[in-house]
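Chain by chain, the residues run as shown.
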Amino acid sequence: MSASAASVVDLAALSFQPPAPAPQPKPLGAFRLITSLWRNPLECWAQEHFDKPIVVGGLPFAHVVLVSEPRSIEHVLLDNAGNYRKDALQRRVLSAGLGHGLLSAEGEQWRIQRRTVAPVFARKTIMDFAPLMLAATEALVARWRQQDGATLDVAAEMTRLTLDVLERTIFSDGLGRAAEEFRLAMRTYFDTIGRIDPFDVIGLPPAVPRFAHWRVRSTLRFFEDAINDIIATRRRRMAAAPDAVAKDILTLLLNALDPETGKGMAEIEVRSNILTFIAAGHETTANLLSWSLFLLSQAPEWRERVEAEAEYALHGALATLGDRLVETRAVIDEAARLYPPIAAISRVALGPDELAGTKVKRGSLVVIAPYVLHRHRLLWREPNSFDPTRFLGEARHAIDRYAYIPFGAGARTCIGSVFAVQEATLVLATIVKNFRLDLAPGTSVWPLLRVTLRPDNGLPMVITQRHAA
Ligand code: HEM
């Protein structure tokens with residue numbers, strides 16, 4: 001029997017409302033919109049965005065349609081996806097280093113790249129990564145045991161851990177440089193490039209230099225040098241002993257051939273993809289873990305339940321571990337609902353369309369914001385409350401596929417979603433089994449959007465060992 005079935009406590013009654021900006025009473029005017037987008041885009045949403053299925057209006061230079069109606073989301077991301085492409089604003093924000101990678105590529109370039117790296121993300125391969133994910137977590141546990149009772153920045157700890165997981169799995173030679181250098185460089189990159197530039201909001205052409213792109217130049221040089229080293233080391237190893245080299249992301253990218261031209265992937269695509277997988281593959285999962293640990297620290301009954309589940313589930317066959325960590329997974333899903341690491345997805349319409357009676361023009365910016373959708377009043381009961389029971393048993397099956405999209409949907413859905421969920425579940429259970437984490441006294445937690453949704457100023461928590469080693 002699962003821990004949930006044995007429950008005699010009404011878990012839904014134990015919900016609380018975690019911190020989030022109160023929606024603006026009315027949509028913001030142009031000036032306040034630009035300053036809020038720069039400071040923290042989460043603060044831009046108005047009450048009507050959480051009340052209405054579709055809202056038109058917004059940026060000064062574009063016809064913006066915010067869509068929070070599941071059938072219309074399905075239409076944009078799946079049924080009529082050919083009419084939409086990643087929008088110029090998102091592409092400009094990402095273009096500094098990721099422009100030619102899977103996240104931003106379009107058309108044939110995207111199709112070839114997606115097909116090339118798909119084998120690394122097949123379910124079976126991800127299952128085989130479980131022992132490596134656990135080994136990285138055990139290393140963290142061993143390190144934390146030396147710091148029993150200390151206050152640590154758990155957000156930074158989670159980014160270190162998820163980078164370590166990437167190094168042990170999809171970049172099997174490691175990242176070459178000290179992971180800490182990568183972590184800090186990625187943080188600088190997200191902090192600068194991840195701010196929505198007023199020049200982008202008012203629609204100035206890309207030729208007009210952006211301050212953030214200028215500031216981020218030295219960080220991009222660091223990435224370029226590090227990636228050059230990674231590629232050179234792997235090429236040497238491939239030349240020396242081709243059969244001994246792991247079939248990881250790097251091998252697939254370097255060996256990929258265009259089926260039509262027979263040519264290898266362009267060097268710039270290989271580089272952009274290495275950066276894409278480092279960028280997309282660790283901050284997101286790290287944030288999801290940070291939010292899960294924070295939420296558990298505020299919900300003692302849930303923390304006890306996850307502790308009990310982890311004690312029981314972390315023994316036994318790895319293959320069925322996922323089936324035993326049901327409540328742990330529900331906490332992660334609820335964290336991804338309240339604090340979706342990718343808080344907004346956007347597309348530009350290539351031609352006219354209609355969404356639930358609302359006209360979309362050619363060139364309209366269509367925004368689907370998991371942050372808004374997941375807290376929408378028409379779709380969720382007590383949308384701002386922490387209540388993992390939404391993701392247990394029958395309740396989970398009742399959720400519309402297009403009302404809950406932390407990993408997006410359709411052809412451009414996250415390629416790393418199975419990887420991320422498996423990693424987050426194993427890490428959360430292992431940490432909770434070994435440690436109790438409490439928010440450091442005097443800390444106030446606030447969500448900040450900078451490419452990903454993370455706790456502003458980190459997450460200082462006191463870590464206390466639950467059992468002696
Ligand atoms: C909690 C963790 C994660 C979240 C919430 C997340 C979320 C997302 C979302 C929402 C998209 C779709 C964006 C759009 O449609 O515009 C996406 C795409 C993508 N994600 Fe993730 N992601 C996570 C983890 C990962 C991991 C672990 C990897 C790789 C190791 C990864 C690699 C990618 C890539 C390459 C794409 C682009 C896919 C394409 O366009 O074909 N993500 N992710």
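Here the residue index of a chain counts from 1 through its sequence in written order. Reporting of local features is limited, given that this is a predicted model, to residues whose pLDDT is at least 70; pairs of side-chain atoms are given and counted only at 80 or more, and all residues count toward the totals for whole chains, interfaces and linings. Excluded from the side-chain calculation are hydrogens and water; included are all heavy atoms of the structure.

Student: Can you help me understand the coordination of the iron atom of the ligand in this one?
Tutor: Six octahedral donors at a metal ideally form angles of 90 or 180 degrees, and four tetrahedral donors ideally form angles of 109.5 degrees. With water excluded from the atoms, a metal site may look incomplete; its donors are any N, O or S atoms within 2.8 Å, or within 3.2 Å for Na, K and Ca. Coordination of the iron atom of the ligand by the protein comes from a single atom, Cys414 (SG), at 2.3 Å. Its place among the elements puts Cys414 in the loop between helix H19 (393-398) and helix H20 (417-434). A helix here means a DSSP run of H or I that spans at least four residues, while a strand means a run of E at least two residues long, and both kinds are numbered starting from the N terminus.

Student: Could you clarify how one ought to interpret the packing of aromatic side chains in this entry?
Tutor: Two aromatic rings, taken as a pair, are described by how far apart their centres are and by the angle between their planes. The rule is short: rings of Phe, Tyr and Trp, with Trp giving its six-membered ring, pair when the centres are within 6.5 Å, and they are stacked under 30 degrees, edge-to-face over 60, tilted in between. Applying the stated criterion across every chain yields a total of 14 aromatic pairs. Judged by centre distance (5.8 Å) and plane angle (90°), the rings of Tyr189 and Phe223 are edge-to-face. With Tyr189 in helix H9 (residues 179-193) and Phe223 in helix H12 (residues 217-240), the pair connects residues that are 34 residues apart, well separated along the chain. When sorted by exposure, Tyr189 lands in the same class as Phe223, which is buried. Measuring from centroid to centroid gives 4.9 Å for Phe391 and Tyr404, while their planes differ by 50°, and the two rings are tilted. Separated by 13 residues along the polypeptide, Phe391 in the loop between helix H18 (370-373) and H19 and Tyr404 in the loop between H19 and H20 bring together distant segments of the chain. In this scheme, a residue with accessible area under 20% of its type's maximum is buried, one over 50% is exposed, and one in between is partly exposed, where area comes from a 1.4 Å probe on protein chains only. Judged by its relative accessible area of 3%, Phe391 is buried. With a relative accessible area of 13%, Tyr404 lands in the buried category. Members of the aromatic cluster, each reached through a chain of ring pairs, are Phe121, Phe129, Phe277 and Phe419. The aromatic ring of Tyr339 is capped on one face by Arg375, whose charged end is 5.6 Å from the ring centroid. Its end group placed over the ring of Tyr402, Arg401 keeps NZ or CZ at 5.4 Å from the ring centre. Whether a charge sits over a ring comes down to the Lys NZ or Arg CZ being within 6 Å of the ring centre and within 35 degrees of the ring normal.

Student: Even after reading the chapter, I still don't get the site of the ligand, so can you show me in this structure?
Tutor: The immediate surroundings of the ligand are formed by 28 residues, with Trp110, Arg114, Arg347, Arg412 and Cys414 found nearest. Between Trp110 and the ligand, the recorded distance is 2.7 Å, taken from a side-chain N or O atom to an oxygen atom. Pairs of N or O atoms are called polar contacts if they sit within 3.5 Å, as long as, within protein, a hydrogen donor faces a hydrogen acceptor (for residues adjacent in sequence, only side-chain-to-side-chain pairs). Arg412 is positioned with one of its side-chain polar atoms (N or O) 2.7 Å from an oxygen atom of the ligand. Secondary-structure elements contributing two or more residues to the shell around the ligand are helix H5 (107-117), helix H14 (267-298), strand E5 (345-349) and H20. At 6 residues, H14 tops the list of elements feeding residues into the shell around the ligand. Of the residues that constitute the shell around the ligand, the class distribution is 17 nonpolar, 7 polar and 4 charged. Proximity criterion: a residue is near a molecule or strand once any of its heavy atoms comes within 4 Å of it. Residue polarity follows a fixed list, in which Ala, Val, Leu, Ile, Met, Phe, Trp, Tyr, Cys and Pro are nonpolar, Asp, Glu, Lys and Arg are charged, and the others, Gly among them, are polar.

Student: Where do I start with the nonpolar core in this structure?
Tutor: Soluble globular proteins: nonpolar side chains tend toward being buried together. Within this scheme, the nonpolar core is defined by two criteria: the residues are buried Ala, Val, Leu, Ile, Met, Phe, Trp, Tyr or Cys, and they are joined through side-chain atoms within 4.5 Å. Ranked by internal contacts, the top residues of the largest apolar core, which has 113 residues, are Ile170 and Phe223. Looking at which element gives the most residues to this core, the answer is H14, with 14 residues. Here, residues are in contact when the closest pair of their heavy atoms is within 4.5 Å. Setting aside chain neighbours within four positions, we find Ile170 in contact with Val120, Phe121, Phe129, Asp248, Ile249, Leu250, Phe277 and Phe419. One finds Ile54, Ile345, Val366 and Ala409 within the second-largest nonpolar core, a separate group that totals 17 residues.

Student: Quick question: what am I supposed to make of the packing of H12 against H14 here?
Tutor: Packed helix pairs are specified by the crossing angle of their axes together with the interaxial distance, meaning the distance between the axes. As a packed pair, H12 and H14 sit with axes 10 Å apart at the nearest point and diverge in direction by 110°. Taken together, the axes of H12 and H14 lie roughly perpendicular to each other. The segment H12 lies against H14, with Phe223, Glu224, Ile227, Asn228, Ile231 and Arg235 engaging Glu267, Val270, Arg271, Ile274 and Leu275. Across the contact of H12 with H14, the residue classes break down as 6 nonpolar, 1 polar and 4 charged. All axes are obtained by fitting lines to C-alpha atoms, using only the stretch in contact for helices, and the reported angles, taken between N-to-C directions, cover 0 to 180 degrees. By the definition adopted for this analysis, an angle is roughly parallel if under 35 degrees, roughly antiparallel if over 145, roughly perpendicular if from 65 to 115, and oblique otherwise.

Student: I'm lost on unusual backbone geometry in this one. Help?
Tutor: In most cases, non-glycine residues show a negative phi, while peptide bonds are predominantly trans. Although it is not a glycine, Glu382 sits at a positive phi angle of roughly 40°. Using a relative accessible area of 46% as the deciding quantity, one classes Glu382 as partly exposed. Its identity as a non-glycine residue notwithstanding, Asn457 has a phi of 60°, on the positive side. Looking at where Asn457 falls in the secondary structure, it is placed in the loop between strand E11 (452-455) and strand E12 (460-465). Looking at Asn457, the relative accessible area reads 70%, which means it is exposed.

Student: What should I look at first to understand the pairing of E12 in this one?
Tutor: In regular strands, side chains alternate between the two faces of the sheet. For two strands to be treated as a pair, DSSP must find at least two bridges joining them. In the sheet, strand E4 (residues 151-153) pairs with E12 via 3 bridges, with the strands oriented antiparallel. Bridge pairing links Asp153 to Pro460 in E12. With 5 bridges joining them, strand E9 (residues 435-439) and E12 adopt antiparallel strand pairing. Among the inter-strand pairings, Leu439 is bridged to a residue of E12, identified as Met461.

Student: Is there a simple way to think about the environment of Ala429 in this case?
Tutor: Looking at the element boundaries, Ala429 is found in helix H20. The class for Ala429 is buried, based on a relative accessible area of 0%. Separated by 120 residues in the primary sequence, Ala429 and Glu309 have C-alpha atoms spaced 8.0 Å apart. In this structure Ala429 touches Ala310, Leu314, Leu325 and Thr328, once residues within four positions along its chain are discounted.

Student: Explanation requested: the sheet that holds strand E8 (residues 365-368) in the structure shown.
Tutor: For sheets, the rule is that strands pair by backbone hydrogen bonds, running either parallel or antiparallel. Taken together, 5 strands build an open sheet; the order of strands is E1-E2-E8-E5-E3 and the sheet is mixed. The open sheet has two edge strands with one neighbour each: strand E1 (54-56) and strand E3 (84-86). Direction aside, neighbouring strands of the sheet carry axes that sit 30° apart on average. For E1 and strand E2 (residues 64-67), the ladder comprises 3 bridges, and the chain directions are antiparallel. Looking across to E2, one finds that Val56 is bridged to Val65. Contacts from helix H3 (residues 70-79) reach E1, E2, E3, E5 and E8, with the element oriented near 120° to E8.

Student: Help me out: how do you make sense of the pattern of salt bridges in this one?
Tutor: Pairing between side chains of opposite charge can happen when the charged atoms of each approach one another. Basic side-chain nitrogens of Lys or Arg form a salt bridge, by our definition, when they fall within 4 Å of a carboxyl oxygen of Asp or Glu. Throughout the structure, instances matching the rule amount to 29 salt bridges. Note that Lys52 is salt-bridged to Glu48, the shortest N-O span being 3.1 Å. For Lys52, a relative accessible area of 39% puts it in the partly exposed group. For the salt bridge of Asp333 with Arg396, the shortest nitrogen-to-oxygen distance reads 2.5 Å.

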